[in-house]
Amino acid sequence: MEIEAIIWFLFMLDSLICNYIAWFKKKGYRAKFKTMSKYLPITKLWAFFYFAFLVWIGYSLYRLGILPF
């Protein structure tokens, strides 16, 4: 597996965790990270676009033959 695929998988994992927090655990995020949540709020729209961007990058890497699907 190439380094680009490993990096993409790590970012995809981060995106999935971000979406989970944005959609289901937003109150817990605000309670646990009070200061950080003021400066880096997690919104559903931002999380969705982050995921969509990574899907697009993954599709590009797949077409180049880098992702092992």
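Anything mentioned here points back to the structure above.
Here's a quick rundown of the structure. (Residues numbered from 1 in each chain as written. Predicted model: local features only at pLDDT ≥ 70, side-chain atom pairs only at ≥ 80, totals over all residues. Heavy atoms only, no water.)

**Digging into the environment of phenylalanine 69**
No. 1: You can see phenylalanine 69 is positioned in the segment after α4 (44-63).
No. 2: Excluding residues that lie within four positions of it along the chain, phenylalanine 69 makes contacts with Trp8, Phe9 and Tyr62. (Helix = DSSP H or I, 4+ residues; strand = E, 2+ residues; numbered from the N terminus. Contact = heavy atoms within 4.5 Å.)

**Looking at the side chain of serine 15**
No. 1: Looking at where serine 15 falls in the secondary structure, it is placed in helix α1 (residues 3-24).
No. 2: Since its relative accessible area comes to 0%, serine 15 is described here as buried.
No. 3: Beyond its immediate sequence surroundings of up to four residues, serine 15 is in contact with Tyr50, Phe51 and Leu54. (Buried < 20%, exposed > 50% of the residue type's maximum accessible area, 1.4 Å probe, protein only.)

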